[in-house]
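# Descriptive analysis of the structure
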Amino acid sequence: MAKRSAGILLFRRTPDGPEVLLGHMGGPFWARRDAGAWSVPKGEYGEDGSEETPWDAARREFREELGLPAPDGTPLPLGEVTQSGGKRVTVWAVEGDLDPADVVPGTFTMEWPRGSGRTAEFPELDRVAWFGLDAARAVIVTAQTAFLQRLAEQV
């Protein structure tokens, strides 16, 4: 079964058009990459047999990834995409604002360097920033560009 993730695409309205909050994926694999290395804050759900809904998972993952509470607001469903690795991602847009300097990302542990037997801890997201939709398209994970288009059609 394909892995499933859910997330919240936070957006704000500016005089130049909507901006979206994206996170740069943490860890050594993404450290020197920019294009394709930014993502909607999201995470996996449903693997442990829990009855967690995708919306509840999106709200939980927002807190885990950014260290801040999920925004209150009316969720705009942006649907689902399948990423190149087969993961199915469901996203909602929520209007809100936050200062990226307030983000305290969650962390994960992995063996690094691979095969060394040593483990290291890395942030889930090593940077968080606001992007206009055109700038976001240039850096977001390719499959997730569909969420940007769907957002543009709704706001």
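See the structure above.
Let me sum up the structure you'll find in this document. (Residues numbered from 1 in each chain as written. Predicted model: local features only at pLDDT ≥ 70, side-chain atom pairs only at ≥ 80, totals over all residues. Heavy atoms only, no water.)

## What to know about the environment of Ala-136
Mapped onto the elements of the fold, Ala-136 is located in helix H2 (residues 133–139). In this structure the C-alpha to C-alpha distance between Ala-136 and Phe-29, which are 107 residues apart in sequence, comes to 20 Å. Apart from residues lying up to four places away in sequence, Ala-136 is in contact with Val-20, Leu-22, Phe-131 and Leu-148. (Helix = DSSP H or I, 4+ residues; strand = E, 2+ residues; numbered from the N terminus. Contact = heavy atoms within 4.5 Å.)

## A short note on the side chain of His-24
Its location among the elements puts His-24 in strand S2 (residues 17–25). Among the polar contacts listed, one links the side chain of His-24 to the backbone oxygen of Arg-33, at a separation of 2.7 Å. Engagement of the side chain of His-24 in a polar contact is seen with the side chain of Asp-126, the distance being 2.7 Å. If we skip the residues at most four places from it in the chain, His-24 touches Trp-30, Arg-33, Asp-34, Ala-37, Trp-38, Glu-124, Leu-125, Asp-126 and Arg-127. (Polar contact = N/O pair within 3.5 Å; in protein donor to acceptor, adjacent residues only side chain to side chain.)

## Brief notes about the layout of surface pockets
Estimates place the volume of the largest pocket at around 390 Å³. If you go around the largest pocket, you meet 17 residues; those closest to its centre are Met-25, Lys-42, Glu-65, Lys-87 and Glu-124. Sorting elements by how many residues they give to the lining of the largest pocket places strand S4 (residues 42–44) first, with three residues. Split by residue class, the lining of the largest pocket holds six nonpolar, five polar and six charged. If you add up the space inside the second largest pocket, you get close to 210 Å³. If you go around the second largest pocket, you meet 15 residues; those closest to its centre are Gln-83, Ser-84, Gly-85, Val-141 and Thr-142. Considering only residue class, the lining of the second largest pocket consists of four nonpolar, nine polar and two charged. (1 Å grid on protein atoms, 1.4 Å probe; cavity = no way out; pocket = protein on both sides within 12 Å on 5 of 7 lines; lining within 4 Å. Points joined across faces, edges and corners; volume = space filled by probe spheres on them. Nonpolar A, V, L, I, M, F, W, Y, C, P; charged D, E, K, R; others polar.)

## So, unusual backbone geometry
A cis geometry characterises the amide bond from Trp-112 onward to Pro-113, with omega recorded as -10°. Examined against the element boundaries, Pro-113 turns out to sit in the loop between strand S7 (107–111) and strand S8 (119–123).

## Side note on helix H1 (residues 54–66)
Taking 1.5 Å per residue, 13 residues should reach 18 Å; H1 reaches 18 Å between its end C-alpha atoms and fits that length. Those residues of H1 not exposed but buried are Ala-57, Ala-58, Glu-61, Phe-62, Glu-65 and Leu-66. For H1, the arc enclosing every buried residue in end-on projection is 140°, short of the 170-degree limit, so these residues lie on one face. Those residues of H1 hidden inside the fold are in contact with strand S1 (4–14), S2, S4, strand S6 (88–95) and strand S9 (125–132). (Expected span 1.5 Å × (residues − 1). Buried < 20%, exposed > 50% of the residue type's maximum accessible area, 1.4 Å probe, protein only. Arc of directions from axis to C-beta.)

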